[in-house]
Amino acid sequence: MRKIRTIGICAAVLLVAFSFSSAMAAQVSLRFSDWHLTEDVWNKSLNEGMDIFHKRNPNIKVTLEPVSYGEKETKYTVESMAGRAPDVFHVHAFSLPMFFSKGFAKDLTPFIKKEGPGFMDAWYPLPIKLMKHKGRVHAMPGDYMTMVLFYNTEMFKAAGLDPNKPPKTWDEFLAYAKKLTRDTDGDGKVDQWGFGTLGSKSPGFSMRFGPFLWSFGGDYLTPDMKHSALDSPKAKEAFAFFVELYTKHKVVPPGMTAMGAQDVRTQFAQKKVAMILGSGWTPPIVNKINPDLRAFEVLKAAPAPMKRKQATAIWLSSWVMSPNTKHPKEAWELLKFITSKEIELKWFVDNRVTSSRKDVSGVAPEILNDKFASVMASQLPYGKVEPQIKQWPEIIDTFTTSLQEAIVGMKTPQKALAEAHKRINAILAR
Amino acid sequence: MKRAIRIKDRHMWVFFVSPGVLLLILVLGFPAITSLSYSIKPEQAGPVSYTLSNYMNLLKDPFFSRTFWNTGIFVFLSVASHMVLGLAVAMVLNTALPAKPLFRLIALLPWVVPDVVAGIIWKWMYNPIYGAINDFLLRIGLINTPVEWLSNPALALFSVILVNLWRGFPFVMLILLAGLQAIPRHLYEAAGIDGASRVQSFFHITIPGLRKMIVVALALDIVWEVRRFGLIQAMTQGGPGVLTEVLSTYTYKQYFQFFRFEYASAIAVVMTVVLLLVSLPYIWMISQEE
């Protein structure tokens, strides 16, 4: 009797174990990583998105892996080298040349071909172009936004400026910034500044400097990307203008070279600066830092001021499938889902980021009627991307080093820029 | 039978030591060899498989020489200040202090804070607009305008070293406290009877008594400070310019931001050689004792 009971229990355990493993085998697990998972608003939005995906794909289980914004390239590089990168991960478009060159991004062209002709027609041409490596698509475009000028209408009014007339040129901008740099509490010390900007060697700096450089008519590199273009008179003029905002006109708060993007947004949220360059993420983040500011009411957006031509920087993110994924078909389903028209619109509604899909950013009333997104969308034709070459991270670090040396007075702007020009040429000549 | 057992006993140590040695080879040896092999590979694929060009480029790189110099200053000042403050606090804690365990805990607290967290906290404290340090100094009238601790070229590196002093002295304090407690009390009593002053006792009893612990603390602290990364990366990322760039942040940049694996490996090898040289007195002392 005891023997029969024992055999029965063993059989039952084996049956359960077999069923469990069968169920597990039937369900595919995917790892999905995104720096947005460290941000409250985005985290909620992504989790909701995954719930929708799970309902539609019950055989796929997606595990979300947050990563810090500054460390994502490091993490994905190390994991890719170890053959353990997440199945799908989110990076800036400017990281793509490096990922492509090291073979860390799977060729998506076969999947796209299976979707039928015209599948990629829904996206703007520039993002698609930047997703390609040797003519083949190796990533899917994500957020597509332009840098615009955000300003605090209440601070404008307090300084005697009309909030419906934001500065259109950089010269006007400087005049506004000077008026907005003031002592608000009467203690004889300036406690509010006209403009907040990054000066640290952190991601996002080049997007804040790009609108200056390009609208002055300068550029980082020559069109063939083989030489530095920072020795042109227009590049020198843009560089000097930017540096002198801090050194000569003092319209930027102290400590600029230590300020990253979040530090500047905090200054903006705390009404220490009246204007910043930002994009779709700016209002929700500023609102989160200081809800009392009523960011969505008080802030307004305007095109980045111009000097000789309208120009601004484009922010483009991308979704990459790891070549190490054991479930490429399922990973493609996830990629398709997060870049679908429905979910791209959700990303905008929840997080205020515009899409690289024409059928979203170009037509959705939610975007066209939004006071911030409509401005960003209007600037897409004037948007430029940074050089998409694998040396770019080293080039921008070298440039920022020289800029910091000019800002803190170690070198004159002319000397600092000349050194940057020389070093960048040496990098490109390797 | 007796002979068979003797042979077995003589070789048993192999089985006990092997797992640890294998682990060391895997965790330390494999990455070291991989780094070394990367360091002698060319950055661009070509006809040459192995080259010393990465090391030659180090010699020509003005950023590297500046970084090396910064590292020297950072390590020298950090270690020196750790030794001074660590010894001072250890001597205080070695006295008959009321609530000594509490003071020991307070003294240890900076050491348990992770590097990056310490860097972020102090970066906020140094903030020219919101920072507690400027606010305090302005209120007591010591300064009239906020100081840009991390942006001023004359102050940036020393501001980082100050944070490192706060963060790192407890480790040295612990080692020296252990050494102080091992010095026999009767030596101080005898010196006192012979008319020696406190300063004389310090230089003729305390310092000689702490000699070995000082070498241990120096060697370990130098190694750790050469490798210090999180604190500097969180506070300044090597800026302004390259004023706070040290070997560890420069290596990180080359590896993980610029993806120059071969060049970064060469820097890592140079760092390792420097650390080995620094560790030689410590290794010699340990081997002498054995």
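Residues numbered from 1 in each chain as written. Chains lettered and ligands numbered in written order. Predicted model: local features only at pLDDT ≥ 70, side-chain atom pairs only at ≥ 80, totals over all residues.

K.L.:
Could you give an account of the packing of helix α9 (residues 205–215) of chain A against helix α10 (residues 233–247) of chain A, with specific residues and numbers?
P.N.:
Residue and element names in this part refer to chain A. Direction vectors running N to C along α9 and α10 enclose 130°, while the axes themselves pass 8 Å from each other. With respect to α10, the axis of α9 lies oblique. For α9 against α10, the interelement crossing comes out right-handed. The residues of α10 that touch α9, namely those facing Phe209, Phe212 and Leu213, are Ala235, Ala238, Phe241 and Phe242. The residue inventory of the contact of α9 with α10, partitioned by class, reads seven nonpolar, no polar and no charged. (Axes fitted to C-alpha atoms, helices over the stretch in contact; angles between N-to-C directions. Helix = DSSP H or I, 4+ residues; strand = E, 2+ residues; numbered from the N terminus. Parallel < 35°, antiparallel > 145°, perpendicular 65-115°, else oblique. Left-handed = near helix turned anticlockwise from the far one by under 90°. Contact = placed C-beta atoms within 7 Å. Nonpolar A, V, L, I, M, F, W, Y, C, P; charged D, E, K, R; others polar.)

K.L.:
Help me get a handle on the pairing of strand β3 (residues 88–92) of chain A, residues and values and all.
P.N.:
Residues in a regular strand point their side chains to alternate faces of the sheet. Residue and element names in this part refer to chain A. With five of five residues buried, β3 lies mostly within the body of the structure. Relative to β3, strand β1 (residues 28–34) runs parallel, the two being bridged by two bridges. Counterpart to Ser33 in the pairing with β3 is Phe89. With five bridges connecting them, β3 and strand β11 (residues 312–321) associate as antiparallel partners. The residue bridging Val88 from the neighbouring strand is Met321, located in β11. (Buried ≥ 20, exposed ≤ 12 C-beta atoms within 10 Å, placed from the backbone. Pairing = 2+ DSSP bridges.)

K.L.:
Help me get a handle on the interface of chain A and chain B, residues and values and all.
P.N.:
With 24 residues of chain A at the contact, the number on the chain B side is 23 residues. Those elements that provide at least two residues to the side of chain A that touches chain B are α3 (72–81) and α19 (392–407) of chain A. Top element by residues in the side of chain A that touches chain B is α19(A). It accounts for six residues.

K.L.:
Tell me about helix α8 (residues 170–180) of chain A, and name the residues and values.
P.N.:
Residue and element names in this part refer to chain A. Buried residues of α8: Trp170, Phe173, Tyr176, Ala177 and Leu180, and no others. The arc that holds every buried residue of α8, seen down its axis, measures 110°, which confines them to one face. Buried-residue contacts for α8 involve α7 (153–158), β8 (193–196), α10 and β9 (273–278). (Arc of directions from axis to C-beta.)

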